[in-house]
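Coordinates in review
Here's the letter readout for the chains.
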Amino acid sequence: MLLASAWVGQAPTDTLPRHLRPVVAPSDTLVRVVACPGVERAAVGTILFVGNAVTKERILRAELDFHEGDTLSLADLPARLEANRRRMFNLQLFHAVVVQSSCESSGRLLIVFGVQERWYTFPVPILSLADRNLRSWLDRSDRWRRVDYGLHVVRNNFRGRNEQLIGNLQLGFNRKYELFYEAPGLGRYRRLGFGVGGSFYQSHSLDYITLADRLKPFRADEEFPIQRFYTTAGLRFRHTVQFLTAVDVSYHREQISDSVNYYNPAYFLGRTTREFLDFSLTSTRNQRNTFAYPLTGHYAQAQLTHRVFLDGNTPSLTTLHLSYARYLALGRKFYYSIGLNGQTRLTRGQAYADSRALGYNDLVRGYDEYVVDGRHYGLVQQGVSYSLLRPQAIRLAAIDNPKINTVPLALYLNIFADAGYVVAPHPLPQNKLPNQLLSAVGLGLHLVTYYDRVFTAEYTLNGLGQTGYFFRAEFPI
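Residues numbered from 1 in each chain as written. Predicted model: local features only at pLDDT ≥ 70, side-chain atom pairs only at ≥ 80, totals over all residues. Heavy atoms only, no water.

Backbone geometry at Asn-162 places phi at a positive 60°, although glycine is not the residue there. Within the chain, Arg-332 stands out as a residue other than glycine whose phi angle is a positive 55°. What makes Arg-332 exposed here is its relative accessible area of 76%. (Buried < 20%, exposed > 50% of the residue type's maximum accessible area, 1.4 Å probe, protein only.)

Rendered as structure tokens:
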């Protein structure tokens, strides 16, 4: 488990009475079980949490599938503890989680979870490119004016309750003012939560049409061709960190300039302003071994969104997006992953702004400079990874703070193959990629490091015979 080995052997347990201190787990495991002689089943007597200086204990207890007084099979106890330890680790609040079970004098189980908390406040300066990716930015003649700057602030584990605050103040080419609050679970059992937020965005440039499978920008230095405002609120129904259902309602108001409408009347179906409500239902099942760079397990998500326009004339739009990924350990440091993504839209009339398919959130790698618009699409991504450098930690002796003085590193060599297809009923004749099979193969290097960051460098050959080097800051599948 990535990041965990950096903490093994350093559990902050000196403040506990000696008879309650956990035995340190050996370096090759994060679960330690001391058997109760001659006992097949035992009741849980005490559950302790050590190291959670900020995180409330009830947040951690809500992730467990057992409580004091429950009777557990000792034969199944190591697997049971590992499953609970993994859920706690995947809260992404801790550098590491270890667990130990031992017998109390009464014959009951003493279970101790030890955690090392992360740093939770991240003020990050914004200096970013005002384009989809590096390749698109390099293709712009005015690239150096297409830069954004500002401050992005994230407070994770707000109030020690796994809540999140996000604020954005972005100036420059694209201006953005945002504030979001997310409470994944409230109450004793942390089952019901909510999220609220708002965003205002305006830009001096807008990609107003797709020609030759590339976005074409319209720029206006004295005005904003596009302005967007939205507010959102929703409920979260949460069983554990692995099982989440969300219901959201959002209000949107979007405005384009007369010039954009003139050059592409289909952008908003002949309008310069539109208002709509989005009603969405999202169900997520995330049973990967770790959320940052998964090697085993599976992931599934279904999202259904219904959009109702408030002008009374524009046809409503229903979108279904499905994602599934499977991760397998092949042995000898080899791992296999496959990801499936698909989307379908149902409507009597679709604006250009609502026709995004591949090349935006979902991508056939190697087609980074292109976008493919349409009504429906499917995407398959496969990869085989080889562990070049097993997860290990580099200690920064000059820094005393244990939350930031350990830099974890893992390195994987990856070979991959992608394929995608977009269904577009009436594409422009200049666009050749809709209604065609898109394919690519490539070789990548994946670096997994600080605070779940994943950086990838890839060399890709796509179905058009084009090759290129690409750099990303996320796990591809």
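Summary statistics for the protein give a mean pLDDT of 88 and a share of 93% for residues scoring 70 or more. Between the elements of the protein, mean pLDDT differs from a low of 72, seen in helix H3 (residues 134-138), to a high of 98, seen in strand S20 (residues 372-373). (pLDDT = per-residue confidence, 0-100. Helix = DSSP H or I, 4+ residues; strand = E, 2+ residues; numbered from the N terminus.)

On to the sheet that holds strand S1 (residues 31-33). Across the sheet, five strands lie side by side as S1-S4-S5-S2-S3; this open sheet has mixed pairing. In the strand order of this sheet, the two ends are held by S1 and strand S3 (71-73), each with one partner. Put simply, the sheet's adjacent strands are angled 30° from each other on average, direction ignored. Where S1 meets strand S4 (residues 94-103), three bridges bridge the pair, whose relative direction is parallel. Counted as the bridge partner of Val-31 is Val-99 from S4. Against the sheet, helix H2 (residues 77-89) makes contact with S1, strand S2 (41-50), S3, S4 and strand S5 (109-117), and its axis sits at roughly 155° relative to S4, the strand it touches most. (Pairing = 2+ DSSP bridges. Axes fitted to C-alpha atoms, helices over the stretch in contact; angles between N-to-C directions. Contact = heavy atoms within 4.5 Å.)

For the rest of this paragraph, the subject is the side chain of Ser-280. You can see Ser-280 is positioned in strand S15 (residues 273-288). Residue Ser-280 is classed as buried on the basis of its relative accessible area, which comes to 15%. Residue contacts for Ser-280: discarding those within four places in its chain leaves Ala-246, Val-247, Asp-248, Leu-304 and Thr-305.

On inspection of all chains with the given rule, the structure shows 21 salt bridges. Arg-80 is paired through a salt bridge with Asp-65; the nearest N and O atoms lie 3.1 Å apart. Of this pair, Arg-80 sits in helix H2 while Asp-65 sits in the loop between helix H1 (57-61) and S3, placing them 15 residues apart in sequence. A relative accessible area of 31% places Arg-80 in the partly exposed class. The partner of Arg-472 in a salt bridge is Asp-368, and the shortest N-O contact between them spans 2.6 Å. Residue Arg-472 is located in strand S25 (residues 467-472), and its partner Asp-368 is located in the loop between strand S19 (356-358) and S20; the two are separated by 104 residues in the primary sequence. Arg-472 gets classed as buried once you look at its relative accessible area, which sits at 15%. Judged by its relative accessible area of 3%, Asp-368 falls in the buried class. Salt bridges linked by common partners bring Arg-228, Glu-254, Arg-274, Asp-278, Arg-307 and Asp-354 together as one network. (Salt bridge = Lys/Arg side-chain N within 4 Å of Asp/Glu carboxyl O.)

As paired elements, strand S10 (residues 192-203) and strand S13 (residues 226-240) share 12 bridges and run antiparallel to each other. Bridge pairing in S13 links Gly-193 to Arg-236. Pairing of S13 with strand S14 (residues 243-256) involves 14 bridges; the strand directions are antiparallel. Across the sheet, Arg-228 pairs through a bridge with Glu-254, a residue of S14. Where S13 hands over to S14, the hairpin turn is made up of two residues, counted between the paired strands.

Turning next to the pairing of S2. Where S2 and S3 come together, three bridges link them in antiparallel fashion. Its bridge partner being in S3, Arg-41 is matched across the sheet by Ser-73.

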